Amino acid sequence: MLRKLLIGTALATSFAFSAHAADVKEVQMLHWWTSGGEAAALNVLKQDLAKEGYAWKDVPVAGGGGDAAMTALKAMVAAGNYPTASQMLGYTVLDYAAAGVMGDLTETAKKEGWDKSVPAALQKFSVYDGKWVAAPVNVHSVNWLWINKAVMDKIGGTEPKTFDDFVALLDKAKAAGVTPLALGGQNWQEATMFDSVVLSTGGPEFYKKAMNDLDEESLKSDTMKKSFDNLAKLVTYVDPNFSGRDWNLATAMVIKGDALVQVMGDWAKGEFHAANKTPGTDFLCYRFPGTDGSVIYNSDMFGMFNVPEDRKAAQVALATATLSKSFQSAFNVVKGSVPARTDVPDTDFDACGKKGIADLKKANEGGTLFGSLAQGYGAPPAVANAYKDVVSKFVHGQIKTSDEAVTELVKAIDDAK
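What counts, and where the lines are drawn
- Residues numbered from 1 in each chain as written.
- Predicted model: local features only at pLDDT ≥ 70, side-chain atom pairs only at ≥ 80, totals over all residues.
- Heavy atoms only, no water.
- Disulfide = S-S within 2.5 Å.
- Helix = DSSP H or I, 4+ residues; strand = E, 2+ residues; numbered from the N terminus.
- Buried < 20%, exposed > 50% of the residue type's maximum accessible area, 1.4 Å probe, protein only.
- Pairing = 2+ DSSP bridges.
- Axes fitted to C-alpha atoms, helices over the stretch in contact; angles between N-to-C directions.
- Contact = heavy atoms within 4.5 Å.
- Expected span 1.5 Å × (residues − 1).
- Arc of directions from axis to C-beta.
- Parallel < 35°, antiparallel > 145°, perpendicular 65-115°, else oblique.
- Left-handed = near helix turned anticlockwise from the far one by under 90°.
- Nonpolar A, V, L, I, M, F, W, Y, C, P; charged D, E, K, R; others polar.
- pLDDT = per-residue confidence, 0-100.
- Core = buried A, V, L, I, M, F, W, Y, C linked by side-chain atoms within 4.5 Å.
- Phe/Tyr/Trp six-rings, centres within 6.5 Å; stacked < 30°, edge-to-face > 60°.
- Lys NZ or Arg CZ within 6 Å of the ring centre and 35° of its normal.

Peer 1: How would you sum up the state of the cysteines? Please name residues and give values.
Peer 2: By the definition in use, this model includes 1 disulfide. The disulfide partner of Cys285 is Cys352, and the S-S distance across this bridge is 2.1 Å. Negative torsions about the S-S bond denote left-handed disulfides, and the value of about -105 degrees found for Cys285 with Cys352 makes this one left-handed. Of this pair, Cys285 sits in strand E11 (residues 283-287) while Cys352 sits in helix H17 (residues 351-366), placing them 67 residues apart in sequence. On the accessibility criterion, Cys352 (3% relative accessible area) is buried.

Okay, here's the thing in structure tokens:
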């Protein structure tokens, strides 16, 4: 229960951030968007708010998975220093709402028709007890391959449609002396890749049962063992210096042609965009082999806290700007994600963005839109953290076999429930 976790007020002194002394015309945002592509995307919102006379107070906490940012947020909330908003994922929004510290955006949401334009899958996490407590910023999907086109052409590669095709493609890169697979050895990155491996290995129904429903028979099945075996195969194509590498540095390896491919969420495209790279010319975007037709999603949300009355106008301005069609288009074009509302045209999006929007629509209508367990949308944080821990131990050799991995996964998830 989050109320029990909102302790450690002393930590808050590490974050010199006095909400009570804030200018009412100031928007204070805690986030972990510190890479080049992410910073460029966030700048779109800063500029929109500046036009309305609101200053921006950045509270960035580096770390691509957001764990450090959420530790900082707990300390700030425990000290009563609420930001205007914080970048959050899925179940974390609901935890803070259950703790009674979130604001109420319902009046703004009703006026602007959020219930009609925001997909139900996102409303599950942005509405609590009938009240809107968060503004969805985007929809990311994680089951993507990002490929350097020059390297692909050099090795004579083609789009891999199956897992075996993917392995054959990685073998070609290895034979050509190029690092086949760019990966950052951090637990959230490893688990994000494993999300796609599980969907590819077991198919949509299996993914849902294992990763969203947490069905024990599925978790300990031969299909899950095969998923771990497939993950182990992919890890053999990673360079020896991957441990601890940030995700955007892995993306940079692909951008520079030092590696062929990265398996990563579509925030990676923001890095290609920031480097002035064009899909089809400089890089290629494919769904992870065997997952076409399904989307494993997460969504960045701006969780809105119950700030004092004199700061609420700034909060409403932030919420309104975030869900505006113009921002949803401009921001997501830069970020690499797709809009969190379904009525935004794809006109300004590149080929990968158009595919992402079309894929989301198809998956939403076809029942193949699944929450990413690694990204905080498949299950509550304790379960997601247990999952990431087991996957990472397997990747780094602390868990030796797929049989052992499945046993440890079932136990870890049971303990975390």
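Now that the structure is up, let's keep going.
Peer 1: So what's going on with the sheet that holds strand E13 (residues 300-304)? Residues and values would help.
Peer 2: Pairing is mixed across the open sheet formed by 5 strands, whose spatial order is E2-E1-E3-E13-E6. Looking at which strands have only one partner, the edges of the open sheet turn out to be strand E2 (55-60) and strand E6 (134-136). Averaged over all neighbouring strand pairs, the angle between strand axes comes to 30 degrees, with direction disregarded. Relative to E13, strand E3 (residues 85-89) runs antiparallel, the two sharing 5 bridges. Paired with Met88 across the bridge in E13 is Met301. Sheet strands touched by helix H4 (residues 90-98): E3, E6 and E13. Its angle to E3, the strand with the most contacts, is close to 125 degrees.

Peer 1: I'd love a proper account of helix H12 (residues 222-235), names of residues and values included.
Peer 2: Given 3.6 residues per helical turn, the α-helix brings residues three or four places apart onto the same face. Here H12 is 14 residues long and its end C-alpha atoms lie 20 Å apart, about the 20 Å a rise of 1.5 Å per residue gives. Along H12, the positions that sit buried rather than exposed are Met224, Ser227, Phe228, Asn230, Leu231, Leu234 and Val235. Buried positions in H12, seen along its axis, are confined to an arc of 160 degrees and lie on one side of it. Structurally, H12 contributes buried residues whose contacts are with helix H9 (163-175), strand E9 (179-182), helix H10 (187-212), helix H11 (216-219), helix H18 (381-395) and helix H19 (402-416).

Peer 1: Outline the pairing of strand E8 (residues 144-148), listing residues and values.
Peer 2: Buried residues dominate E8, accounting for 5 of its 5 residues. Where burial is concerned, the two faces of E8 agree: the one with Trp144, Trp146 and Asn148 and the one with Leu145 and Ile147 are both buried. As defined by bridge partners, E8 adjoins strand E10 (residues 259-263) across 3 bridges and the pair is classed as antiparallel. Across the sheet, Ile147 pairs through a bridge with Val261, a residue of E10.

Peer 1: Pulling in residues and values, what's your account of the environment of Ser200?
Peer 2: Topologically, Ser200 is positioned in helix H10. Given a relative accessible area of 17%, Ser200 falls into the buried group. The spacing of Ser200 and Leu73 is 127 residues in sequence and 35 Å in space, taken between C-alpha atoms. Beyond its immediate sequence surroundings of up to four residues, Ser200 is in contact with Phe163, Phe288, Pro289, Gly290 and Thr291.

Peer 1: Give a detailed account of the environment of Ala134, specifying residues and quantitative values.
Peer 2: Looking at where Ala134 falls in the secondary structure, it is placed in strand E6. What makes Ala134 buried here is its relative accessible area of 0%. Each C-alpha atom, one on Ala134 and one on Phe305, is 8.8 Å from the other, the two residues being 171 residues apart in sequence. If we ignore the near neighbours within four places in the chain, the residues touching Ala134 are Val93, Leu105, Trp114, Ser126, Met301, Phe302, Gly303 and Met304.

Peer 1: Run through the packing of H12 against H19, naming residues and quoting values.
Peer 2: One way to put it is that H12 packs onto H19 with a least axis distance of 9 Å and a crossing angle of 120 degrees. Judged by the inter-axis angle, H12 sits oblique to H19. Our pair here, H12 against H19, has a crossing hand that is right-handed. Listed contacts from H19 to Met224, Lys225, Phe228 and Asp229 of H12 are Ser402, Asp403, Ala405, Val406 and Leu409. Classifying every residue of the contact of H12 with H19 by side-chain character gives 5 nonpolar, 1 polar and 3 charged.

Peer 1: Quick one: what's the story with the confidence of the model for the protein chain, residue by residue and with numbers?
Peer 2: For the protein chain, the mean per-residue pLDDT works out to 93, and 94% of the residues sit at or above 70. Per-residue pLDDT stays below 50 along residues 7-22; that stretch engages in 24 contacts with residues further than four places along the chain or on separate chains.

Peer 1: How would you summarise the nonpolar core if you had to cite specific residues and measurements?
Peer 2: Judged by nonpolar contacts, the single largest core of 78 residues is most densely connected at Met224 and Phe228. Ranked by the residues each element gives to this core, the list is headed by H10, at 11 residues. Ignoring any residue separated from it by four or fewer positions in sequence, one finds Phe228 in contact with Phe194, Val390, Val391, Phe394, Ser402, Ala405, Val406 and Leu409. One finds Val44, Ala72, Ala97 and Leu323 within the second-largest nonpolar core, a separate group that totals 65 residues.

Peer 1: Outline the packing of aromatic side chains, listing residues and values.
Peer 2: This model, assessed by the stated rule, comprises 19 aromatic pairs. Between Phe228 and Phe394, the ring centres sit 5.0 Å apart and the planes meet at 70 degrees, which makes this aromatic pair edge-to-face. With Phe228 in helix H12 and Phe394 in helix H18, the pair connects residues that are 166 residues apart, well separated along the chain. Accessibility classification places Phe228 together with Phe394 in one group, the buried group. Members of the aromatic cluster, connected to one another through ring pairs, are Trp33, Phe302, Phe327 and Phe331. Its guanidinium or amino end placed over the ring of Tyr54, Lys25 lies 4.0 Å from that ring's centre, counting from NZ or CZ. Over the aromatic face of Trp144 sits the side chain of Arg287, whose NZ or CZ is 3.8 Å from the ring centroid.

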